[in-house]
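# A look at the structure
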Amino acid sequence: MLATASAATLLCALPVHAQEAGLRGAISEGDTAGLLRRRPAQQAMPEVQDQAATYQPISPGALPEQTDPTISDELFSEPPNADAAATGARSSIRPPTTAIQRAREARERLAASGRAATPRTAAPEPDEDLSTGTVRQGTVDSLTEEENGPESERQGAIEGRRPVPDENPFEPTGIRFGTFVLKPSLEQGVTATSNADSSSDGKSAVLSETTLRLNAASDWDNHSATIDAYGIFRKSVSGQEVKDTEAGIDGRLQLDFADDIRAIASLGYDIRPESASSPVVIVDTASRPVRHTIDGSVGLEKDVGKFRFAVTGEATRESYGDAELSDGTTLSQEDRNSTLYAGRFRAGYEISPALTPFGEIEYGRRVHDLRFDTAGFERSSNRIGARAGVELDMGEKFGGEISAGWLSEDFDDDRLETISAATIAADLRWSPMRGTIVALNGTTLVEGSTTPGESGSVLYSGRLSVERQIRANLTGFAAAGMGWRDYAGRDDHELRLSAEAGLTWWLNRYAGLTGRLRHETFDSTLSGRDSKTNSVFVGLRVQR
C-alpha cells in the first residue's frame with residue numbers, strides 16, 4: 001500500500017511534458033513493470049530517491065534481476081524515449097512504440113553499421129515481446145533490385161500518347177487480297193487538244209478520258225511477284241471524232257533458291273492503236289489499225305563469288321489488225337505479223353556492292369507468219385547483238401543499269417539490206433533528296449517495213465522524268481522525251497520531241513485533283529508526216 005501511494009504521489013508531481021512522453025502508445029503490463037524498476041540515477045527526483053532508499057522488498061524475486069550495470073535500482077525513471085528525443089539517438093532500453101518508428105530505426109541501424117539498404121527491402125520483423133502495433137509487409141518483388149534505365153521510367157497511359165506521324169499521309173493504303181496487296185486507281189477527266197489523233201491533218205477536239213490502273217505486289221517471305229495493269233478509254237465529246245482503247249498488263253515473278261540461284265519469269269500483253277508516227281504508212285485510212293504485242297521471258301541468274309552469270313530466253317509476238325480505208329474497205333496487215341525468239345547470256349564482275357560491269361551477247365530469230373509478203377520479199381531474219389554496260393546499286397539513292405553495243409539483223413531475202421546499228425539502253429533511278437525521283441529510260445528497237453525493197457528502220461527513244469513531292473498533299477512531275485528514227489538504206493530520218501508537266505492536289509488519302517500540259521512535235525524528211533500537238537487535261541483521281 002505504501003508503494004502504491006508513493007507511486008501515485010510521484011505521478012502527480014511529475015511535469016506535464018514528462019507524463020505525455022511516457023504515455024505514448026499502448027503500454028502493456030511488462031512495460032509497466034519495467035517502468036517501475038528502471039530510471040537513471042542522475043535524472044531521479046530527490047524526493048523519489050529518498051523514498052526508494054527507505055523501501056526495499058525482502059522477498060526474493062519481487063524485483064527482476066538487473067542485467068545492465070548502468071541501470072539503477074530506483075523505483076521510478078523517466079520514460080525511455082525522453083532521452084532519445086533530447087539526444088536524437090534511439091534508446092536501447094525499450095522497443096519503439098509504433099511500426100513506423102521501428103522501420104525507420106532499423107534503417108538507421110543499418111546505415112550506422114555501414115550496410116546500405118537496397119531500393120526495395122523487406123520490412124523488419126517486429127520484436128517478439130511486443131504485442132501491439134502492425135508491421136508493413138514488403139511486396140512480392142521487394143527483394144529484387146530494380147535497374148535504373150530508360151526502360152524503368154514510368155510510361156504514360158495509352159490514351160495520352162501521341163500517334164506516330166505518317167511519313168506519306170496521302171499514299172494509297174491498298175487492299176489485301178490473299179497474299180497480295182492491291183492498289184487500284186481511277187482517273188476521270190477531260191482533254192482539250194489541238195490534234196485529236198496526232199496526225200499531220202488532225203483537228204482539234206474535246207475528249208473524255210478514263211484511265212484505270214492496278215498494281216499488285218506479293219507479300220511473301222522468300223519470293224516476289226508483281227502485276228501492273230492499265231486501261232485507257234478515249235471518246236470525243238466535241239470536235240474531231242475519236243474513239244480508241246489502250247490497255248496492257250505486265251507480270252513478273254522471281255524465285256530465290258539456294259546457292260545464290262534466282263529464276264525470273266515475266267509475261268506481258270499490250271493493245272493499242274498504231275501510232276500516227278509508225279514507219280509503215282497506210283494511205284487513206286479511216287482509222288488506225290490495232291496493234292497487239294505479247295512478250296514473255298524466262299531466265300536464271302547465278303552468283304559465283306563476285307562473278308554474276310545470267311541466261312535468258314524471250315519471245316515477242318507482234319500482230320496487227322486490219323486497217324479500215326476511207327472507201328469502206330479493209331486492208332489486211334497479216335504480212336506484218338511476226339514473232340521474235342531470242343536468247344541472251346550475260347557475265348559480270350562485282351567490283352563493289354554498288355558497281356558491277358557486265359558484258360552480254362544475244363542471238364535471235366525473227367519469223368514472219370507469211371514467208372513472203374504482198375510484194376514477194378522474205379522478211380524473216382537472223383539477229384545478232386552484243387553490248388557492254390554496268391549495273392548500279394546504291395540503295396534508294398541510285399540504281400539501275402546502262403549499256404551500249406551493236407545489233408544486226410540479216411534477212412533471208414538477199415535483196416533486202418542488212419540492218420546494222422549501234423544500240424543504247426538505260427533504266428536508271430536517282431533520288432537526290434527525299435520526295436524526289438529522277439528517272440532515265442532508253443531503248444533501241446529494230447522496226448520492220450512493208451515497202452518493197454526496204455529493210456526497215458532503227459528507232460532510238462529516251463525519256464527523262466522528274467517527280468517531286470512539293471508538299472504532303474501536292475505532287476508534281478515534269479518529263480521530256482525524244483525519239484530518233486533512222487531508215488536503213490536511205491537518208492530519211494524522223495525526230496519526235498515531247499514535253500509534259502502536271503500537278504496533283506490530294507484532297508485526302510483517296511481522292512485528288514490532277515492536271516497536265518503536253519506538247520509534242522514530229523518532224524520527218526518524208527512528205528506529209530509533220531505534226532504538232534498541244535493538249536490540256538483536267539480531272540479527278542481516286543485511289544485505294
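### Overview of the overall build of the protein chain
The helix and strand tally for the protein chain stands at six helices and 22 strands. Of the contacts made within the protein chain by residues no fewer than 6 positions apart, 54% connect residues no fewer than 24 positions apart. Total accessible area on the protein chain is roughly 33,900 Å²; 57% of this is exposed by carbon and sulfur atoms.

### Description of the pairing of strand S13 (residues 355-368)
Side chains Thr 356, Phe 358, Glu 360, Glu 362, Gly 364, Arg 366 and His 368 project from S13 onto a buried face, and the interleaved Leu 355, Pro 357, Gly 359, Ile 361, Tyr 363, Arg 365 and Val 367 project onto a face without burial. Relative to strand S14 (residues 381-393), S13 is paired through twelve bridges, and the arrangement is antiparallel. Paired with Glu 362 across the strands is Gly 385, a residue of S14.

### Points about the environment of Glu 334
Looking at where Glu 334 falls in the secondary structure, it is placed in the loop between strand S11 (330-331) and strand S12 (338-349). Judged by relative accessible area, which is 40%, Glu 334 ranks as partly exposed. Glu 334 sits 14 residues away from Tyr 320 along the chain, and the two C-alpha atoms are 6.8 Å apart.

### Side note on unusual backbone geometry
Positive phi, normally seen in glycine, also occurs at Asp 259, with a value near 60°. As for its placement among the helices and strands, Asp 259 is situated in the loop between strand S5 (243-257) and strand S6 (261-273). Non-glycine residue Asp 260 carries a positive phi angle of around 55°. Among the structural elements, Asp 260 can be located in the loop between S5 and S6. By relative accessible area, Asp 260 is classed as partly exposed at 46%.

### Remarks on the environment of Gly 376
The residue Gly 376 is located in the loop between S13 and S14 in this model. With a relative accessible area of 28%, Gly 376 lands in the partly exposed category. Not counting residues within four places of it along the chain, the set of residues in contact with Gly 376 comprises Asp 413 and Arg 415.

### What about a nonpolar patch on the surface?
Judged by side-chain polarity, Val 304, Phe 307, Phe 309, Val 311, Phe 345, Tyr 349, Ile 351, Leu 355 and Ile 361 come together as a nonpolar surface patch covering roughly 800 Å² of accessible area. Of all the secondary structure elements, the ones that give two or more residues to the nonpolar patch are strand S9 (307-320), S12 and S13. Along the polypeptide, Tyr 349 turns up in strand S12. The class of Tyr 349 is partly exposed, set by a relative accessible area of 40%.

### Here's the deal with the packing of aromatic side chains
All told, the structure shown has three aromatic pairs when counted by the stated rule. An angle of 15° between the planes, with centres 6.2 Å apart, marks the rings of Phe 307 and Phe 309 as stacked. A relative accessible area of 42% places Phe 307 in the partly exposed class. Relative to Tyr 349, the ring of Phe 307 lies with its centre 5.0 Å away and its plane at 65°, an arrangement referred to as edge-to-face. Of this pair, Phe 307 sits in strand S9 while Tyr 349 sits in strand S12; the two residues are 42 residues apart in sequence, bridging distant segments of the chain. Each member of the aromatic cluster is reached from another via a ring pair, and the members are Phe 307, Phe 309 and Tyr 349. For Arg 346, the ring lying beneath its charged end belongs to Phe 358, and the centroid distance is 3.8 Å.

### Regarding the side chain of Gln 543
Tracing the backbone through its elements, the reader meets Gln 543 in strand S22 (residues 531-543). Looking at Gln 543, its side chain comes within polar contact range of the main-chain oxygen of Arg 509, at 3.0 Å. If we ignore the near neighbours within four places in the chain, the residues touching Gln 543 are Phe 170, Glu 171, Pro 172, Pro 184, Ser 185, Trp 506, Arg 509 and Tyr 510.

### Here's the deal with the sheet that holds strand S7 (residues 285-287)
The strand order S7-S10-S11 describes an open sheet built from three strands, whose pairing is antiparallel. Edge strands, defined here as strands with exactly one partner in the open sheet, are S7 and S11.

### As for empty space enclosed by the protein
Inspection of the entire model under this criterion finds two cavities of 30 Å³ or more. Of the voids in this model, the second largest cavity is the one considered here, and its volume is about 40 Å³. Lining the second largest cavity are Leu 407, Ser 408, Glu 409, Ile 419, Ser 420, Ala 421, Ala 422, Thr 423, Thr 444, Val 446 and Val 458. For the lining of the second largest cavity, the secondary-structure elements that each account for two or more residues are strand S15 (398-411), strand S16 (419-430) and strand S17 (436-447). Top element by residues in the lining of the second largest cavity is S16. It accounts for five residues.

### Re the pattern of salt bridges
Applying the stated rule across the entire model yields 38 salt bridges. Close ionic contact of Arg 234 with Glu 246 constitutes a salt bridge, the shortest N to O distance being 3.9 Å. Of this pair, Arg 234 sits in strand S4 (residues 224-239) while Glu 246 sits in strand S5, and the two are twelve residues apart along the sequence. Notably, a salt bridge pairs Arg 344 with Glu 314, separated by 2.8 Å at the nearest N-O pair. In this pair, Arg 344 sits in strand S12 while Glu 314 sits in strand S9, placing the two residues 30 residues apart along the sequence.

### A short note on the nonpolar core
Formed by Phe 377, Leu 407, Phe 411, Leu 416, Ile 419, Ala 421, Val 446 and Val 458, the largest nonpolar core amounts to eight residues. Contributing elements (two or more residues each) for this core: S15 and S16. Residues contacting Leu 416, with those up to four places away along its chain left out, are Phe 377, Glu 378, Arg 379, Phe 411, Gly 453, Glu 454 and Ser 455.

### Let's talk about the confidence of the model for the protein chain
Low-pLDDT portions of the prediction should not be read for the details of their coordinates. Per-residue confidence for the protein chain averages 80 on the pLDDT scale, and 72% of its residues sit at or above 70. Low pLDDT (under 50) marks residues 1-54, which in the prediction has 61 contacts with non-local residues, meaning those over four places away or in another chain. Low pLDDT, under 50, characterises residues 115-123; the stretch is placed with 13 contacts to residues that sit more than four places away or in other chains.

Criteria and thresholds
Residues numbered from 1 in each chain as written. Predicted model: local features only at pLDDT ≥ 70, side-chain atom pairs only at ≥ 80, totals over all residues. Heavy atoms only, no water. Helix = DSSP H or I, 4+ residues; strand = E, 2+ residues; numbered from the N terminus. Contact = heavy atoms within 4.5 Å. Areas by Shrake-Rupley, 256 points an atom, 1.4 Å probe, with all protein chains shown as cover. Buried < 20%, exposed > 50% of the residue type's maximum accessible area, 1.4 Å probe, protein only. Pairing = 2+ DSSP bridges. Patch = residues over 30% accessible without salt bridge, like charges linked within 9 Å, V, L, I, M, F, W, Y side chains within 5 Å. Salt bridge = Lys/Arg side-chain N within 4 Å of Asp/Glu carboxyl O. Phe/Tyr/Trp six-rings, centres within 6.5 Å; stacked < 30°, edge-to-face > 60°. Lys NZ or Arg CZ within 6 Å of the ring centre and 35° of its normal. Polar contact = N/O pair within 3.5 Å; in protein donor to acceptor, adjacent residues only side chain to side chain. 1 Å grid on protein atoms, 1.4 Å probe; cavity = no way out; pocket = protein on both sides within 12 Å on 5 of 7 lines; lining within 4 Å. Points joined across faces, edges and corners; volume = space filled by probe spheres on them. Core = buried A, V, L, I, M, F, W, Y, C linked by side-chain atoms within 4.5 Å. pLDDT = per-residue confidence, 0-100.

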